[in-house]
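# A closer look at the structure
What follows is each chain in one-letter form.
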Amino acid sequence: MNECLTLENYEKLEIKGAKKVASATATQAVVETETKTVVITGSSLEVTKLDLDNCLVWISGSISNLKFSLSGAKKPTLLKRIFK
């Protein structure tokens, strides 16, 4: 499925391709898609609509930051971090 993020006036975010809302608070929401994890930070954040059957999530509030990372990306083991 195609993934698409639409941000409107830093107040409304629509995420197409969402598989899971891992967490949601007033200051941070974490949404997982097929290929990425999206961390949304801001204030007064609220998941206003959740339709995982159609892979859609809507978040409203004052959005200040979006951070993307690969889903399922493993952290390096302790030995790999020590002996880089």
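Source: prediction; values computed, not measured.

Within the protein chain, the secondary structure is distributed over one helix and six strands. Taken from N to C terminus, the helices and strands of the protein chain fall in the order β-β-β-β-β-β-α. Counting the 84 residues in the protein chain, one finds 24% classified as buried. Pairs at least 24 apart in sequence give 43% of the contacts found in the protein chain among residues at least 6 apart.

Okay, the sheet that holds strand β4 (residues 28-33) next. Here we have six strands laid out as an open sheet, ordered β1-β2-β6-β5-β4-β3, and antiparallel in their pairing. Only two strands of the sheet have a single neighbouring strand rather than two, namely β1 (4-8) and β3 (18-24). Each adjacent strand pair in this sheet contributes to an overall mean axis angle of 40°, direction not counted.

Counting eleven residues, the largest nonpolar core is built from Leu13, Ile15, Ala18, Ala29, Val31, Val38, Ile40, Leu45, Val57, Ile59 and Ile63. Broken down by secondary-structure element, the contributors of at least two residues to this core are β2 (12-16), β4, β5 (36-51) and β6 (56-70). If sequence neighbours within four positions are ignored, Val57 has contacts with Leu13, Glu14, Ile15, Ala18, Val21, Val47, Lys49, Leu50 and Leu52.

Tallying each qualifying case throughout the model produces zero aromatic pairs. Across the ring face of Trp58, the terminal group of Lys49 is positioned such that the distance to the ring centre comes to 4.9 Å.

Now for the pairing of β1. As paired strands, β1 and β2 are joined by five bridges and run antiparallel to one another. The residue bridging Cys4 from the neighbouring strand is Lys16, located in β2. Between the antiparallel neighbours β1 and β2 lie three residues, among them Asn9 with a positive phi of about 55°.

Phi angles above zero are rare outside glycine, and Tyr10 is one such case at about 55°. Taking relative accessible area as the criterion, Tyr10 reaches 59% and is therefore assigned exposed. For Cys55, which is not a glycine, the phi torsion comes out positive at approximately 60°. On the secondary structure map, Cys55 appears in the loop between β5 and β6. In this structure Cys55 comes out as buried when scored by relative accessible area, which is 10%.

Conventions and cut-offs
- Within every chain, residues take consecutive numbers counted from 1 along the sequence as written.
- Given that this is a predicted model, residues contribute local features only at a pLDDT of at least 70 and side-chain atom pairs are listed and counted only at 80 or more, while totals for whole chains, interfaces and linings are drawn from all residues.
- Processing note: side-chain calculations cover all non-hydrogen atoms of the structure and skip hydrogens and water entirely.
- Under the DSSP-based scheme used, a helix requires at least four consecutive residues in state H or I and a strand at least two consecutive residues in state E, with every element numbered from the N terminus.
- Here the term buried applies to any residue with accessible area under 20% of the maximum for its type, exposed to any over 50%, and partly exposed to those in between, with areas from a 1.4 Å probe on protein chains only.
- Only heavy atoms matter for contacts: two residues are in contact if any of them lie within 4.5 Å across the pair.
- Only when DSSP finds a minimum of two bridges between them are two strands counted as paired.
- Angular values range over 0 to 180 degrees, each being the angle between N-to-C directions of two axes fitted as lines to C-alpha atoms, with helices fitted over their stretch in contact.
- Definition used in this section: a nonpolar core is a set of buried Ala, Val, Leu, Ile, Met, Phe, Trp, Tyr and Cys residues joined via side-chain atoms within 4.5 Å.
- Each aromatic pair joins two rings of Phe, Tyr and Trp (for Trp, the six-membered one) with centres within 6.5 Å, and gets the label stacked for planes under 30 degrees apart, edge-to-face for over 60, and tilted for any other angle.
- Whether a charge sits over a ring comes down to the Lys NZ or Arg CZ being within 6 Å of the ring centre and within 35 degrees of the ring normal.

Honestly, that's just the spatial picture; any functional story needs more than this.
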